[in-house]
Amino acid sequence: MNFLEEKIKAEGQVFEGNVMKIDNFLNHQVDVRIIRKIAEDIKNHFENVKVTKILTIESSGIPIATILAELYSVPMVFAKKSQTVNSTDDQYISRAYSFTHKTTNNVYVSRPYINSSDKVLIVDDFLADGEATRALIDIVHQAGAEVAGIGIAVEKGMHHTGERLRADGYRLHSVAVIQSMDPTTQTITFR
């Protein structure tokens, strides 16, 4: 069992509907030591892959992506879920349904921040239905850039999204892959 699986076993809570709560260290209150270890694990997995940009979606992927950008010495870009008054650039736009929020959002990246010469490492905290990841892949493709890889902290293996992404030819690495969760017994099984 790796460090993240141990942390999830010790502190994770499981609710009906394949919902896991680990926001005390991953995506509400952030334990920077754990986030750094996640980022280092992802970087080690992709050590022989050229990366020129780190891309995530706001907001929960930002801590991991920021540390990865520091480790790679490349810029980090995050897709915004809403337009702002200072967003005047041309933008790449895609749509993503949020498993957690149960809403669909347009997501935006200003065109100057990703271009056709970029090799983009996509990063996020969770992979469930894969909508956010697919939206980021779409944005990378709109830019004519290359998806160098996909790094995920926690993959919900019971959704089979990771298997489909891998079958589509994407290099995907998840630090922890959950095989099953039982809210009645609070049992979490890892692949």
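Treat the numbers as computed from the prediction; the structure is a model and nothing was measured.

**Student:** Got a minute to help me understand unusual backbone geometry in this structure?
**Tutor:** Negative phi values dominate among residues other than glycine, just as trans dominates among peptide bonds. Backbone torsion omega between E58 and S59 reads 0°, so that peptide bond is classified as cis. Checked against the element boundaries, S59 lands in the loop between β3 (53-57) and α3 (62-72). Even without a glycine there, the phi angle at Q186 is positive, about 55°. Looking at the element boundaries, Q186 is found in the loop between β9 (172-182) and β10 (187-190).

**Student:** What is the right way to look at the side chain of T56 in this model?
**Tutor:** Positionally, T56 belongs in strand β3. A relative accessible area of 0% means that T56 is categorised as buried. A polar contact is formed between the side chain of T56 and the backbone oxygen of V123, at a distance of 2.6 Å. With sequence-adjacent residues up to four places away left out, T56 is seen in contact with G61, I62, A65, M76, V77, F78, A79, V123, D124 and L136.

**Student:** Would you take a moment to explain α3 for this structure?
**Tutor:** Residues separated by three or four positions in an α-helix point in the same direction, a consequence of the helix having 3.6 residues per turn. When we look at burial in α3, the residues that qualify are I64, A65, I67, L68, A69 and Y72. Lining the buried residues of α3 we find α2 (32-45), β3, β4 (76-79), β7 (119-127) and β8 (146-156). Looking at the residues trailing α3, positive phi occurs at S73, about 60°.

**Student:** Please clarify how the packing of aromatic side chains should be interpreted in this entry.
**Tutor:** A ring pair, where both rings are aromatic, is described by two values, the distance of the centres and the angle of the planes. Scanning the entire structure with this criterion turns up zero aromatic pairs. Directly above the aromatic system of F25 lies the positively charged group of K7, at a separation of 5.4 Å from the ring centroid. The ring of Y72 has K43 lying over it, and the distance from NZ or CZ to the ring centre is 4.9 Å.

**Student:** What's the story with the nonpolar core in this structure? I'm lost.
**Tutor:** A general tendency of soluble globular proteins is for nonpolar side chains to be buried together. L4, I8, L26, I38 and I54 are the most contacted members of the largest nonpolar core, which has 37 residues in total. The element best represented in this core is α3, accounting for six residues. Not counting residues up to four positions away in its chain, the partners in contact with I54 are A65, L68, A69, Y72, V74, P75, M76, V77, L121 and V123. Formed by 26 residues, the second largest nonpolar core is a distinct cluster that contains V77, A96, A143 and L165.

**Student:** Where do I start with the side chain of K53 in this structure?
**Tutor:** Structurally, K53 can be placed in strand β3. Every residue in contact with K53, bar those within four places of it in the chain, is listed here: V74, P75, V77, Y113, I114, D118, K119, V120 and L121.

**Student:** Help me out: how do you make sense of the environment of K156 in this one?
**Tutor:** The residue K156 is located in strand β8 in this model. The exposure class of K156 is buried, given its relative accessible area of 5%.

**Student:** I tried to follow the packing of α2 against α3 on my own but got confused; where do I start?
**Tutor:** Each pair of packed helices can be summarised by the angle the axes make with each other and by the distance between the axes. Packing of α2 against α3 leaves a shortest axis separation of 9 Å and a crossing angle of 55°. In terms of axis orientation, α2 runs oblique to α3. Crossing of α2 over α3 shows right-handed handedness. On α3, the residues that touch V32, I35, R36, I38, A39, E40, I42 and K43 of α2 are P63, I64, I67, L68, E70, L71 and Y72. Partitioned by chemical class, the residues of the contact of α2 with α3 number eleven nonpolar, no polar and four charged.

Each value, and the rule that gives it
- Positions within a chain are numbered from 1, following the residues in the order the chain's sequence is written.
- With pLDDT at 70 or above as the cut-off, local features in this predicted model cover only qualifying residues; side-chain atom pairs require 80 or more to be listed or tallied, and sums for whole chains, interfaces and linings still use all residues.
- Calculation of side-chain values draws on the structure's entire complement of heavy atoms; hydrogens and water are dropped beforehand.
- Counting from the N terminus, the helices are DSSP H or I runs at least four residues long and the strands are E runs at least two residues long.
- Burial status follows relative accessibility: with a 1.4 Å probe on protein chains alone, a residue under 20% of its type maximum counts as buried, one over 50% as exposed, and anything between as partly exposed.
- What qualifies as a polar contact is a pair of N or O atoms within 3.5 Å, subject to a donor-acceptor requirement within protein and to the restriction that residues adjacent in sequence count only when both atoms come from side chains.
- The contact rule is simple, with two residues in contact once any of their heavy atoms fall within 4.5 Å.
- Working definition: rings of Phe, Tyr and Trp (its six-membered ring) pair if their centres are within 6.5 Å, and the pair is stacked with planes under 30 degrees apart, edge-to-face with planes over 60 apart, and tilted otherwise.
- Two limits define a charge over a ring: the Lys NZ or Arg CZ must be within 6 Å of the ring centre, and within 35 degrees of the ring normal.
- Here, the term nonpolar core denotes a set of buried Ala, Val, Leu, Ile, Met, Phe, Trp, Tyr and Cys residues that are joined through side-chain atoms within 4.5 Å.
- For every element, the axis is a line fit to its C-alpha atoms; helices are fit only across the contacting stretch, and the angle between N-to-C directions ranges from 0 to 180 degrees.
- Here the angle decides the label: under 35 degrees means roughly parallel, over 145 means roughly antiparallel, 65 to 115 means roughly perpendicular, and every other value means oblique.
- By convention the crossing between two helices is left-handed if the near helix lies anticlockwise of the far one by an angle smaller than a right angle, and right-handed if it lies clockwise.
- Gly falls in the polar group here, along with every residue not listed as nonpolar (Ala, Val, Leu, Ile, Met, Phe, Trp, Tyr, Cys, Pro) or charged (Asp, Glu, Lys, Arg).

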